[in-house]
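Now for the letters of each chain:
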Amino acid sequence: MSLTTKLGRGLAGVLLGALSAAAQVPAGGTAVPDRPPIRAGCEPDYPPYCIVAADQQADGFSVELLRAALKAVGREVSFKTAPWSELKQDLAEGRLQALPLVGRTPEREEIYDFTFPYLTMHGAIVVRDDTADIRSAADLKGKTVAVLQGDNAEEYLRRADLGAVIVPLPSFETALRQLSEGRHDAVVIQKLLAYQLMAQAGLKNLRAVGPPLSAFVQSFCFAVRNGDSDLLAALNEGLSLVMADGTFRALYTKWFATIEAAGRSRSRLVLGGDNDYPPYEFLDGNGQPAGFNVDLTRAIARHMGLAVDLRLEPWSAMRKRLAAGEVDGVQGMFYSFERDKEFSLSAPHSVVQHAFVVREGSPEMSSLADLAGKTVVVMAGDIMEDLVLKQGLGPQVVAVTSQEEALRLVAAGKYDAALVAVVPALYWIQQHGWSNLRVSGHSVLAAEYCYAVAHGREDVLALFSEGLGALKATGEYRQIQARWLSPYEAPPLRFRELARIGLMVILPLLALLLASVLWSRSLKRQVAGRTRELTAEIAERRQAEAALLHAKEDFSKAFMSSPTAVSINTLADGRYVDVNAAWEQLSGHPRGEAVGRTTLELEIWADVHDRQALRRLLAEDGRIPSREVRFRRRSGEVITCLLSMEVISFGAETCFISTTIDITVRKGAEDALRKSEEKFSLAFMTSPYAITVTRLADGKLLEVNDAFETVSEFSRDEALANSSVGLAWWADPVERQTIVEDLRQGRSVVARECHFRKKSGAGMIGQISCGIIVLQDEPCILTSINDITARKEAETKLKAQVDELRRWHEITMGRELRVIELKREINLLLVETGRPARYASVAGGQEKAGRLHLPGAARSNPEASGER
């Protein structure tokens, strides 16, 4: 922790209190009195984000979201409606304070500050139905492409330099109308906006083509004027609140549900899969898609009203198509951390066990450690290939096109083992009659099987996740599962095998019977003694059982009465075995509702990736000491919790016990403290005055800011390696000692002039203010120094100039008075001789000189006093 952070904790209440008091928002989001509404802008024709309603008021998804976010932090907002080009100029020049819908781009970063994105949308190419030569961005070369002037779409086309002729227009509606009329070749636009405008304008001859434009990503944010950090912080806070309390989800459903439905009705989704992965997905004898995944996808499409085309190919090729955006998604991909970085995956629709398959007579293999010195076959691109390569087993691995081929090679004796999914392995063993193959009873990995899409196509993923939940609720999911995934029976044992097993069992029994007859008499003699021993053992066992029962009762009491939320779940599927009262209170789920259901069914996890990551760690390490996670309560409220987990044996099942502590309030306090520390640290380091923190006991410099380095010419490292005395910073150590004594006696030190010496040896006069603070129980001196050397030099020069002016004034006025006296004497002499006076206004000059009060004006005049 840096010293400025520690200093911020010690001084945040003192230095920032006055500033924060003026910006306090009452609890509950009540608007603060006498604070004017935020001035925002709204475009009239950018549905469904920004529109003008029939009552001429601003409306739309982004407008409502901005209102809700500001209301959550106690602020109100008013809207100006105008074209986009006018609004963005108003914000840049300060006539507006915020805009609700601005796509974040490198070009705009220099003009505006942005909140975190609340929606991320990809652009699309819209053409006429009869256009056949435009399928992707590369096909736009030489074509006329209409866009909204100043929009992200125009910036994207100019940045990408695709060779298109760009036609900026005042609105996207105009662009689409002109495209429909044949005046342009295409329009680049955000897809949902296109569907909305096409529906409003009745443009039925237009369609979106090709995959989403991966380089045209619109991260929609609230925008403020560059440097308006206070409003930006309030908007980020309000946006977080409305996302957490469900407001965002409700607004999204209100404004986008019908548009997405209209969009889905205009185009078909293409889902991919593996053409050779039975019984999950494969091509049947007629070359048609079949299997569990296929029936599941078709059922979801029927329930959600989707038009879906299925395309099954070799898995490695299909995975490449998904990455390239050539399909909308795949219906079966195993979850892993690495894949999660490349794709977006749904909650699992199945859990598939993976194990080794070896030939009869080969040693049992239960873990990757058993592969030492052996070769293993996997399917190319499969999760098992990812796993063995990650473990550094590449030289031992042979990748083939399918799991069927992997099993065929092992059955033929070419390799030692195959690492495959258990159910497909049993399927192929039955199909081909490979009786010399054995599936290990030890699972290497229980992989979660999910729908997957490319990043940016989460709208498609949401549709299938929603449909999957509906199928589970109606029971249709279990019907599909029973149809395809019922347990596969092993082949019946042959007669010779049964005879061999029978002999192995019967012969030892006969031998034991004979031995018992021969030894019966000997055993009788031992019965009495053994009975006594057994009696003692039974007594001890009963005592131990009583102690165990008492311990169980103590555990049950401690479990149920613990103030910390505790739950016990099965390791296999996360089903709740038991929960205590504190868990009920924390989650909002009654015990009777939770026990027997899984974490997925209760929707406990706010982020399903947290669950997948923790299950992986728990399976590997057996315990998770402490991890910060986000849970969703029964009411929908998302809370931050501290979670600890450990694998235990609970009855006949392997379970894990979890303790959960709600730290939402603490996290909020920590975030507030962190923001205060960051603000103080920024104020400390960017202050125009030189600021130092020194230890009171020995004068050791603990921290200095940038201005100190500039003023003193000492670097920060040089300063922190010394005391202020050792640094020779004080020109007069007595001045420093006087200040220290004053502070110790409780006397204030404000704007006191002191003398300092820079690193170059140049002197400096500083106006210094000091105070005592306590950092980590140690008294320190916080010092602020304003360099007034130049001002003092200017004052000295000015004083010298004033003194010089006064001296010349005295000399000049003395001479003038002497001239006046001589003229007066001449006048007197002339009058005495009977002649007229020669000089006029002599008396007035005398009076003027007297009024100036200058030296010489007050000298006695013997003629004037009558002494002459």
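Just above sits the structure.
The structure displayed is predicted, hence computed values, not measured ones.

1. Looking at the overall build of the chain
Per the secondary structure count, the chain includes 31 helices and 35 strands. Relative to its full complement of 868 residues, the chain shows a buried share of 41%. Within the chain, residue pairs in contact and separated by at least 24 positions form 61% of the contacts whose partners lie at least 6 positions apart. Split by element, the accessible area of the chain, about 45,400 Å² in all, is 54% carbon and sulfur.

2. So, helix 8 (residues 191-201)
Given 3.6 residues to a turn, an α-helix orients residues that are three or four positions apart in the same direction. Buried residues dominate helix 8, accounting for eight of its eleven residues. Along helix 8, the residues that are buried comprise Leu 192, Leu 193, Ala 194, Tyr 195, Gln 196, Leu 197, Met 198 and Ala 201. For helix 8, the side-chain oxygen to backbone nitrogen distance between the N-cap and Leu 193 is 3.1 Å, and the N-cap itself is Gln 190.

3. Let's talk about the packing of aromatic side chains
Scanning the model with the defined rule gives 24 aromatic pairs in all. Their ring planes at 75° and their centres at 5.7 Å tell us that Phe 61 and Phe 248 sit as a pair that is edge-to-face. Of this pair, Phe 61 sits in helix 3 (residues 61-72) while Phe 248 sits in helix 10 (residues 247-266); the two residues are 187 residues apart in sequence, bridging distant segments of the chain. Just as Phe 61 is buried, Phe 248 falls in that class too. When the ring of Phe 292 is compared with that of Tyr 477, the centres are 6.0 Å apart and the planes differ by 80°; the resulting orientation is edge-to-face. Residue Phe 292 is located in helix 11 (residues 292-304), and its partner Tyr 477 is located in helix 18 (residues 476-485); the two are separated by 185 residues in the primary sequence. The pair Phe 292 / Tyr 477 is uniform in exposure class, with both members buried. Feature note: the residues Tyr 277, Tyr 280, Phe 292, Phe 334, Tyr 449 and Tyr 477 constitute an aromatic cluster, connected by ring pairs. Lying across the ring of Tyr 477, Lys 472 places its NZ or CZ 5.2 Å from the centre.

4. Here we look at the sheet that holds strand 14 (residues 276-277)
Spatially, 14-15-16 is the arrangement adopted by the three strands of the open sheet, whose pairing is antiparallel. Two strands close off the open sheet at either side, each with one partner strand: strand 14 and strand 16 (289-290). Bridging between strand 14 and strand 15 (residues 281-283) involves two bridges; their strand directions are antiparallel. The residue bridging Asp 276 from the neighbouring strand is Phe 282, located in strand 15.

5. Quick word on the state of the cysteines
Counting across every chain of the model gives zero disulfides. Take Cys 754: it sits in no disulfide, and the sulfur closest to it among the cysteines is that of Cys 770, at 7.5 Å.

6. Focus on the nonpolar core
Counting 69 residues, the largest nonpolar core has Tyr 49, Phe 61, Tyr 118 and Val 188 as the members making the most contacts within it. When neighbours within four sequence positions are excluded, Val 188 is seen to be in contact with Ala 124, Leu 140, Val 145, Ala 146, Val 147, Ala 153, Tyr 156, Leu 157, Phe 172, Leu 213 and Phe 216. Counting 56 residues, the second-largest nonpolar core is a separate cluster that includes Val 378, Ile 383, Val 453 and Ile 480.

7. Considerations on the side chain of Ser 171
Counting through the fold element by element, Ser 171 comes out in the loop between strand 10 (165-169) and helix 7 (172-180). When residues no more than four places from it in sequence are discounted, the contact partners of Ser 171 are Asp 45 and Leu 148.

8. Side note on the pairing of strand 21 (residues 376-379)
The alternating pattern of strand 21 places Val 376 and Val 378 on one face and Val 377 and Met 379 on the opposite face, and all of these are buried. The pairing of strand 21 with strand 22 (residues 397-400) spans four bridges and is parallel. Pairing of Val 376 across the sheet is with Val 397, part of strand 22. As for the winding sense of the linkage, the β-α-β connection from strand 21 through helix 14 (residues 383-390) to strand 22 is right-handed.

9. Here we look at the sheet that holds strand 31 (residues 690-695)
Backbone hydrogen bonds are what pair the strands of a sheet, in a parallel or an antiparallel way. Read across the open sheet, the five strands follow the order 32-31-35-34-33; overall the sheet is antiparallel. Each edge of the open sheet is held by one strand with a lone partner, namely strand 32 (701-704) and strand 33 (749-757). Averaged over neighbouring strand pairs, the angle between their axes works out to 30° when direction is ignored. With respect to the sheet, helix 28 (residues 733-744) is in contact with strand 33, strand 34 (763-775) and strand 35 (778-787), its orientation differing from that of strand 33 by roughly 155°. The sheet strands contacting helix 29 (residues 789-832) are strand 33, strand 34 and strand 35, and the helix crosses strand 34 at an angle near 140°.

10. Points about unusual backbone geometry
With glycine set apart, most residues show a phi of negative sign, and most peptide bonds adopt trans. Geometrically, the link from Pro 47 to Pro 48 is a cis peptide bond, its omega value of -5° lying close to zero. Cis geometry marks the peptide bond from Pro 278 to Pro 279, where omega comes out at 0°. The backbone of Gln 56 shows a phi angle near 65°, a positive value even though the residue is not glycine. Here Gln 56 lies in the loop between strand 3 (50-52) and strand 4 (58-59). The backbone of Asp 161 sits at a positive phi, close to 50°, despite the residue not being glycine. Its place among the elements puts Asp 161 in the loop between helix 6 (152-160) and strand 10. With relative accessibility at 63%, the residue Asp 161 sits in the exposed group.

11. What about the pairing of strand 25 (residues 445-454)?
The buried fraction of strand 25 amounts to eight of the ten residues, a majority that puts the element mostly inside the structure. Alignment of strand 18 (residues 329-334) against strand 25, held across three bridges, turns out to be antiparallel. When the sheet's bridge partners are listed, Val 330 is paired in strand 25 with Ala 452. For strand 19 (residues 343-345) and strand 25, the ladder comprises three bridges, and the chain directions are antiparallel. By the bridge assignment, Leu 345 is partnered in strand 25 with Ala 452.

12. Some thoughts on the pattern of salt bridges
Here the structure, examined in full by the defined rule, presents 42 salt bridges. Arg 95 is the partner of Glu 93 in a salt bridge, and the nearest nitrogen-oxygen pair spans 2.6 Å. In this structure Glu 93 comes out as partly exposed when scored by relative accessible area, which is 40%. Judged by relative accessible area, Arg 95 falls into the partly exposed class, the value being 43%.

13. What to know about helix 11
Along its 13 residues, helix 11 runs 18 Å from first to last C-alpha, staying within 8% of the 18 Å computed at 1.5 Å per residue. With respect to burial, helix 11 is a largely interior element, ten of its 13 residues being buried. Those residues of helix 11 that sit buried are Phe 292, Asn 293, Val 294, Asp 295, Leu 296, Thr 297, Ala 299, Ile 300, Ala 301 and Met 304.

14. As for the environment of Asp 578
Residue placement: Asp 578 occurs in strand 27 (residues 576-579). Expressed as a C-alpha distance, the spacing of Asp 578 and Ile 657, which sit 79 residues apart in the sequence, is 9.5 Å. Look past the residues within four positions of Asp 578 in its chain and what remains in contact with it is Phe 559, Ser 567, Ile 568, Arg 591 and Val 595. Reaching out from Asp 578, the side chain makes a polar contact with the side chain of Arg 591 at a distance of 2.7 Å.

The rules behind the values
Residues numbered from 1 in each chain as written. Predicted model: local features only at pLDDT ≥ 70, side-chain atom pairs only at ≥ 80, totals over all residues. Heavy atoms only, no water. Helix = DSSP H or I, 4+ residues; strand = E, 2+ residues; numbered from the N terminus. Buried < 20%, exposed > 50% of the residue type's maximum accessible area, 1.4 Å probe, protein only. Contact = heavy atoms within 4.5 Å. Areas by Shrake-Rupley, 256 points an atom, 1.4 Å probe, with all protein chains shown as cover. Polar contact = N/O pair within 3.5 Å; in protein donor to acceptor, adjacent residues only side chain to side chain. Phe/Tyr/Trp six-rings, centres within 6.5 Å; stacked < 30°, edge-to-face > 60°. Lys NZ or Arg CZ within 6 Å of the ring centre and 35° of its normal. Pairing = 2+ DSSP bridges. Disulfide = S-S within 2.5 Å. Core = buried A, V, L, I, M, F, W, Y, C linked by side-chain atoms within 4.5 Å. Right-handed = clockwise from strand over helix to strand, strands pointing away. Axes fitted to C-alpha atoms, helices over the stretch in contact; angles between N-to-C directions. Salt bridge = Lys/Arg side-chain N within 4 Å of Asp/Glu carboxyl O. Expected span 1.5 Å × (residues − 1).

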